[in-house]
Amino acid sequence: MIGLLAFVACAILLVLGYLVYGKVAERVYGVDFKLLMPCQERNDGVDYVSMPTWRIFMIQLLNIAGLGPVFGAFAGCLFGPVALLWIVLGCILAGAVHDFMAAAASAEHGGENLPELVGRYLGTPAHYVMRLLCILLMLLVGVVFTSGPAGMLHALMDGLSVTWWCVIILVYYFLATILPIDVIIGKIYPFMGALFIFMAVSVAVMLPLTPGVEVLPELNVMENYHPQGFGVWPMIFVTIACGAISGFHATQSPMMVRCLERARNLRPVFYGAMVAEGLVALIWCVVGLSLRNLPTEYALVVAENGKLVPSLLTDGSAGVPFWQLVMHSPATAVSQACTSLLGPVGAAIAILGVVVLPITSGDTAMRCCRLMLADVFR
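This section reports on the structure supplied with the text. (Residues numbered from 1 in each chain as written. Predicted model: local features only at pLDDT ≥ 70, side-chain atom pairs only at ≥ 80, totals over all residues. Heavy atoms only, no water.)

1. A closer look at the overall build of the protein chain
Phase 1: Secondary structure summary: the protein chain contains 15 helices and two strands in total.
Phase 2: When each of the 378 residues of the protein chain is scored for burial, the buried share is 51%.
Phase 3: Considering only contacts within the protein chain whose residues lie at least 6 apart along the sequence, 81% involve residues at least 24 apart.
Phase 4: Within the protein chain, one finds 17 positive and 21 negative side-chain charges whose respective centroids are separated by 11 Å. (Helix = DSSP H or I, 4+ residues; strand = E, 2+ residues; numbered from the N terminus. Buried < 20%, exposed > 50% of the residue type's maximum accessible area, 1.4 Å probe, protein only. Contact = heavy atoms within 4.5 Å. Lys, Arg positive; Asp, Glu negative; His and termini not counted. Charge placed at Lys NZ, Arg CZ, Asp CG, Glu CD.)

Now the structure itself:
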């Protein structure tokens, strides 16, 4: 019961952070509610396209989230309950402020991308450095979110090789990059955002109702539980990035600013989406902490490359503790958690989420890369 109350208290703190500190940030940034938004100034039908606020919120949530707050929160739970503090405080004071700041500055300057904003305020050398870093970052994100899902799709449906799955995903990325933003991204993302939220809410509801599972059985935030002895400082701050803070987010905000109709919705969309991501990370971290020492359906076996990989047990015997799955295969840990809490339906949702959600981060990363390259050659 105490663990459940602690979880609820953390969730309430995140909401209060949006209502109170988000309002402070809005006042500090001096957001002008009468500001003419980029889609009203230069609606080009491709990148500057007016869309409903709720749709922009869902797109922004997936832009900055995907599987990051799931895998990162799971890995962070290895440190123990201190991970909850970092998610709550990091999200309110850093991550949400960061995303909101990038959006507010972009709105003030006609929807400029992050490198252009950096150049405007920090000068030409910083401008060029930020252009290079951001373009390389977007390309790397696109590569990771191509090869990873391709490998998982091949494992599920081995009729096509990994190479062909990469080609299919890249064709999708190309279309999502060049077509008007409301044609593919504007239609697919709300549905995937609903799936993303459903996954989190479902496991949150079922966690205290599942027999044999105690919510947050250990609440000593002063103790480091990591099995390999990694220090909380600085490791937890880079382990849980999405859900607390991530520099990647600021590259995504201007893309959605170009579609927002009213300046008064900057805080609900950009500070609010980060708080929503923090809530998702909080849920998955609590799930990881609650299942931490429970046996799973997997054993760890040595693969050809010498690494330990999970192998499903079919004889009904108890497998390795949940924390070992988290260490060696976060995707398997997500599947195990969903199966344990939601049954076969949960397993199907987990597979769909683990495979598809990374793709919905890769396409917007590639679109941002295209927009930044357009600034270079303008």
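On we go.
2. So, the environment of Ala241
Phase 1: Its place among the elements puts Ala241 in the loop between helix H10 (232-239) and helix H11 (248-257).
Phase 2: Ala241 sits in the partly exposed class, given a relative accessible area of 25%.
Phase 3: Sequence separation between Ala241 and Leu308 is 67 residues; the distance between their C-alpha atoms is 25 Å.

3. So, the side chain of Gln336
Phase 1: Structurally, the position occupied by Gln336 is in helix H14 (residues 330-356).
Phase 2: Excluding anything up to four places from it in sequence, Gln336 contacts Thr296, Glu297, Tyr298, Phe322 and Leu325.

4. Comments concerning unusual backbone geometry
Phase 1: Here the bond from Trp233 into Pro234 is cis, since omega is 0°, no more than 30 degrees from zero.
Phase 2: Mapped onto the secondary structure, Pro234 falls in helix H10.
Phase 3: Although it is not a glycine, Leu216 adopts a positive phi angle of roughly 50°.
Phase 4: Mapped onto the fold, Leu216 is located in the loop between helix H9 (185-206) and H10.

5. Description of the nonpolar core
Phase 1: Ranked by size, the top nonpolar core spans 118 residues in total, and within it Phe74, Leu266, Leu282, Trp284 and Val287 carry the most contacts.
Phase 2: No other element matches the 18 residues that helix H12 (residues 266-291) contributes to this core.
Phase 3: Ignoring any residue separated from it by four or fewer positions in sequence, one finds Val287 in contact with Phe74, Val203, Leu207, Ala337 and Leu341. (Core = buried A, V, L, I, M, F, W, Y, C linked by side-chain atoms within 4.5 Å.)

6. Details of the packing of helix H5 (residues 82-108) against H11
Phase 1: Contact geometry of H5 with H11 gives a least axis separation of 8 Å together with a crossing angle of 40°. Classified by the angle their axes make, H5 and H11 are oblique. Note that H5 runs across H11; the crossing there is right-handed. Across the interface between the two elements, His98, Asp99, Ala102, Ala103, Ser106 and Ala107 of H5 pack against His249, Ala250, Ser253, Pro254 and Val257 of H11.
Phase 2: Along the lines of polarity and charge, the residues of the contact of H5 with H11 split into six nonpolar, four polar and one charged. (Axes fitted to C-alpha atoms, helices over the stretch in contact; angles between N-to-C directions. Parallel < 35°, antiparallel > 145°, perpendicular 65-115°, else oblique. Left-handed = near helix turned anticlockwise from the far one by under 90°. Nonpolar A, V, L, I, M, F, W, Y, C, P; charged D, E, K, R; others polar.)

7. Comments concerning the packing of aromatic side chains
Phase 1: Taken as a whole and judged by the stated rule, the model has eight aromatic pairs.
Phase 2: Seen from their ring centres, Phe74 and Trp284 are 5.6 Å apart, and the 90° between their planes marks the pair as edge-to-face. You can see Phe74 sitting in helix H4 (residues 68-76) and its partner Trp284 sitting in helix H12, a full 210 residues away along the chain.
Phase 3: Every member of this aromatic cluster is reached through a ring pair, and the members are Tyr18, Tyr29, Phe100 and Tyr271.
Phase 4: Across the ring face of Tyr18, the terminal group of Arg267 is positioned such that the distance to the ring centre comes to 4.8 Å. (Phe/Tyr/Trp six-rings, centres within 6.5 Å; stacked < 30°, edge-to-face > 60°. Lys NZ or Arg CZ within 6 Å of the ring centre and 35° of its normal.)

8. Some details on the pairing of strand S1 (residues 298-302)
Phase 1: Direction of pairing for S1 relative to strand S2 (residues 308-312): antiparallel, over a ladder of five bridges. Note on S2: the bridge partner recorded for Ala299 is Ser311.
Phase 2: In textbook terms, the turn of a hairpin is the stretch between consecutive antiparallel strands, and for S1 and S2 this stretch comprises five residues, one of which, Gly306, has a positive phi near 85°. (Pairing = 2+ DSSP bridges.)

9. Some thoughts on the environment of Ala350
Phase 1: Here Ala350 lies in helix H14.
Phase 2: The exposure class assigned to Ala350 is buried, which follows from its relative accessible area of 1%.
Phase 3: The sequence separation of Ala350 and Thr177 amounts to 173 residues, and the corresponding C-alpha distance is 27 Å.
Phase 4: Not counting residues within four places of it along the chain, the set of residues in contact with Ala350 comprises Met199, Val334, Ser335 and Cys338.

10. Quick word on the pattern of salt bridges
Phase 1: Applying the stated criterion across every chain, the model contains seven salt bridges.
Phase 2: Between Arg267 and Glu26 there is a salt bridge, and its shortest N-O distance comes to 3.6 Å. Taken together, the positions of Arg267 in helix H12 and Glu26 in helix H1 (residues 2-29) put the pair 241 residues apart, joining distant regions of the chain.
Phase 3: Judged by relative accessible area, which is 12%, Arg267 ranks as buried.
Phase 4: Notably, a salt bridge pairs Glu261 with Arg262, separated by 3.6 Å at the nearest N-O pair.
Phase 5: Through salt bridges with shared partners, a single network forms among Lys23, Glu26 and Arg267. (Salt bridge = Lys/Arg side-chain N within 4 Å of Asp/Glu carboxyl O.)

11. A short note on H4
It helps to recall that an α-helix has 3.6 residues per turn; residues three or four apart then point in one direction.
Phase 1: Listing the buried residues of H4 in full gives Pro69, Val70, Gly72, Ala73, Phe74 and Gly76.
Phase 2: Summarising the contacts, the buried residues of H4 are in contact with H5, H9, H10, H12, helix H13 (322-328) and H14.

12. What about the packing of H4 against H14?
Phase 1: At a minimum axis separation of 9 Å, H4 and H14 run at an interaxial angle of 95°. The angle between the axes of H4 and H14 places the two elements in the roughly perpendicular class. Between H4 and H14, the contacting residues are Val70, Phe71 and Phe74 on the first element and Pro330, Ala331, Ala333, Val334, Ala337 and Val354 on the second.
Phase 2: Taken together, the residues that form the contact of H4 with H14 break down as nine nonpolar, no polar and no charged.

13. Structural notes on the state of the cysteines
Joining two cysteines, a disulfide is a covalent bond between their sulfur atoms.
Phase 1: In the structure shown here, the tally under the stated rule is zero disulfides.
Phase 2: Free of any disulfide, Cys259 has its nearest cysteine sulfur in Cys39, 7.1 Å distant. (Disulfide = S-S within 2.5 Å.)

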